[in-house]
Amino acid sequence: MPDEPLVLGIETSCDETGIGIVRGHTLLADALASSVEQHARFGGVVPEVASRAHLEALVPTMQRALDEAGVTLADIDAIAVTSGPGLAGALLVGVAAAKGYAIAAEKPIYGVNHLAAHVAVDTLEHGPLPEPAIAMLVSGGHSSLLLVDDLTAGVTPLGATIDDAAGEAFDKVARLLGLGFPGGPIIDRSARDGDPGSIAFPRGLTAAKDQAAHRFDFSFSGLKTAVARWVEARERAGEPVPIADVSASFQEAVCDVLTRKAIDACLTNGVGTLVIGGGVAANSRLRVLAEQRAAKHGILVRVPRPQLCTDNGAMVAALGSHLVAAGVAPSRLDLPADSAMSLTSVSVPG
Ligand code: KG4
Ligand code: ZN
């Protein structure tokens, strides 16, 4: 439909420079430049390296996105940019660029919340999101359960990780198994040849005593330590480490806890839709287990395709488009890069 808003989204909160263009719920372009290889030898994202990579990638990625969509900056109705949360220096590059483009082309600008954008991206694949919905966001930087009443107004955090994020646990366990970075996709592959029931790793914050204070919170640091201890014991005994079995058992522990708590959040809040986003949503076992468990309760699971689950510009454009369509006022031109942006704000007010 030509009267739907044409929105450009800029994402630079971590190590992906993403520029996406959407018209309404239709994805027209999703250009991405990643600095992930530059961080691999450090086993995690180095903020300064990421900022510099954004600076170098931004203009060429912008050009690719415009070319891919077959539009010019003048055609765009609004520019959305991740204002936070994320790495301060990395965010600053995207926010400064968005302001520059907005001033040059005289376009309204929306500073948006990265986590809300992870939820909004699903509309590009599955259409408007039924509200209320429960969103589970699991990535290298965040693990949260959210109640989404109205995506334009704000979301209610139900719980989050109290230590490592789910993706961080995958990355750290892959590192201790000597498998490389980022660990999630490697463990996912390695787990296919392993037995998920071979090692009983702990399920953090699922004990009865944890339910009062941490019912919807996660903890993966104890699990990571348990894997490290198990591997050390094998090595001390001079026995080979069964990488596939460790991968499968570790992955099962993470997916078991994530899906159990997500379904519990749906049932407790009387919600029939679960959206999963963030890099870990690309995990093959998580998708299967979530669907199996949700089906038993008549809950519908929506998971965008893997390219839309990891950080990208399309998700920012999708949230921007949602805000424009709902008549939300654009942000002021002095909008900040807010590394600790709260989930209660979906966009920076005008
Ligand atoms: O959303 P994302 O691209 O960036 C952040 O905002 O962190 O997520 C990256 C994280 C990494 O920790 C990576 O190991 C994990 O998502 N990941 C996976 C899979 N693919 C990526 N974790 C488990 N299974 C996967 N297939
Ligand atoms: Zn993310």
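Each chain carries its own residue numbering, running from 1 in the written order of its sequence. Lettering of chains starts at A and numbering of ligands starts at 1, both following the order in which they are written. Per-residue local features of the predicted model are confined to residues with pLDDT of at least 70, and side-chain atom pairs are confined, for both listing and counting, to 80 or more; whole-chain, interface and lining totals are unaffected and use all residues. Hydrogen atoms and water are omitted, and side-chain values are computed over all heavy atoms in the structure.

The protein is annotated in an unreviewed UniProt entry as tRNA N6-adenosine threonylcarbamoyltransferase from Actinoplanes awajinensis subsp. mycoplanecinus. UniProt positions are given in the numbering used here, feature names are shortened, and annotations may be inferred rather than shown by experiment. UniProt annotates the protein under Catalytic activity (unreviewed entry) with the comment "L-threonylcarbamoyladenylate + adenosine(37) in tRNA = N(6)-L-threonylcarbamoyladenosine(37) in tRNA + AMP + H(+)".

Explain the coordination of the zinc ion (ligand 2) to me, please; I cannot follow it from the model alone.
Donor atoms (N, O, S) are those found within 2.8 Å of the metal centre, with the cutoff raised to 3.2 Å for Na, K and Ca; water is not part of the atom list, so apparent gaps in a site can occur. Ligation of the zinc ion (ligand 2) by protein atoms is provided by His114 (NE2), His118 (NE2) and Asp311 (OD), these donors lying 2.1 to 2.2 Å from the ion. Coordination of the zinc ion (ligand 2) draws on donor residues from a single chain, spaced H-x3-H-x192-D in sequence. In this pair, His114 and His118 both sit in helix H4 (residues 114-120), four residues apart, roughly one turn of the helix. Of the two residues, His114 and His118, neither departs from the other in class, the shared state being buried. Working definition: helices are DSSP H or I runs of at least four residues, strands are E runs of at least two. Numbering for both runs from the N terminus. Residue burial is assigned from relative accessible area. The probe radius is 1.4 Å, only protein chains are included, and a residue is buried under 20% of its type maximum, exposed over 50%, and partly exposed in between.

Explanation requested: the site of ligand 1 in the structure shown.
By convention in these notes, a residue is near a molecule or strand provided one of its non-hydrogen atoms lies within 4 Å of it. Near ligand 1, the surroundings consist of 20 residues, among which Gly140, Asp171, Gly184, Asp188 and Gly279 are the closest. Note that an oxygen atom of ligand 1 is positioned 3.0 Å from one of the backbone N or O atoms of Gly279. N or O atoms closer than or at 3.5 Å make up a polar contact, with two conditions inside protein: a donor-capable atom paired with an acceptor-capable one, and, for residues adjacent in sequence, both atoms drawn from side chains. Here a nitrogen atom of ligand 1 and a side-chain polar atom of Asn283 are 3.0 Å apart. In short, Shrake-Rupley with a 1.4 Å probe defines the accessible areas, and a residue's cover is counted only from the protein chains shown. Protein chains shield 90% of the accessible area of ligand 1, which is 550 Å² for the free molecule. Sorting elements by how many residues they give to the shell around ligand 1 places helix H7 (residues 183-191) first, with four residues. Within the shell around ligand 1, the residues separate by chemical class into five nonpolar, twelve polar and three charged. The split into domains, and so the bounds of each, comes from an automatic or database assignment of domains. Residue assignment places the shell around ligand 1 across two domains, with domain 1 (6-125 + 309-326) and domain 2 (133-303) each supplying three or more. When residues are grouped by polarity, Ala, Val, Leu, Ile, Met, Phe, Trp, Tyr, Cys and Pro land in nonpolar, Asp, Glu, Lys and Arg in charged, and all others, Gly among them, in polar.

Just to check I follow, could you spell out the nonpolar core for this structure?
Most often, soluble globular proteins have nonpolar side chains that are buried together. Put simply, buried Ala, Val, Leu, Ile, Met, Phe, Trp, Tyr and Cys residues joined by side-chain atoms within 4.5 Å make one nonpolar core. By size, the foremost hydrophobic cluster in this structure holds 44 residues, and its most contacted members are Met136, Phe250, Leu258, Leu274 and Ile276. When contributions to this core are tallied by element, the ones reaching two or more residues are strand S6 (133-138), strand S7 (143-150), helix H6 (166-176), helix H9 (221-236), helix H10 (243-268), strand S9 (273-277) and helix H11 (284-295). When residues of this core are assigned to their parent elements, the largest contribution, eleven residues, is made by H10. With near-sequence residues (within four places) excluded, Leu274 lies in contact with Ile134, Met136, Ala262, Ile263, Cys266, Ile299, Leu300, Val301 and Arg302. Counting 32 residues, the second-largest nonpolar core is a separate cluster that includes Leu115, Val275, Val316 and Leu319. Contacts are assigned to residue pairs that have any heavy atoms within 4.5 Å of one another.

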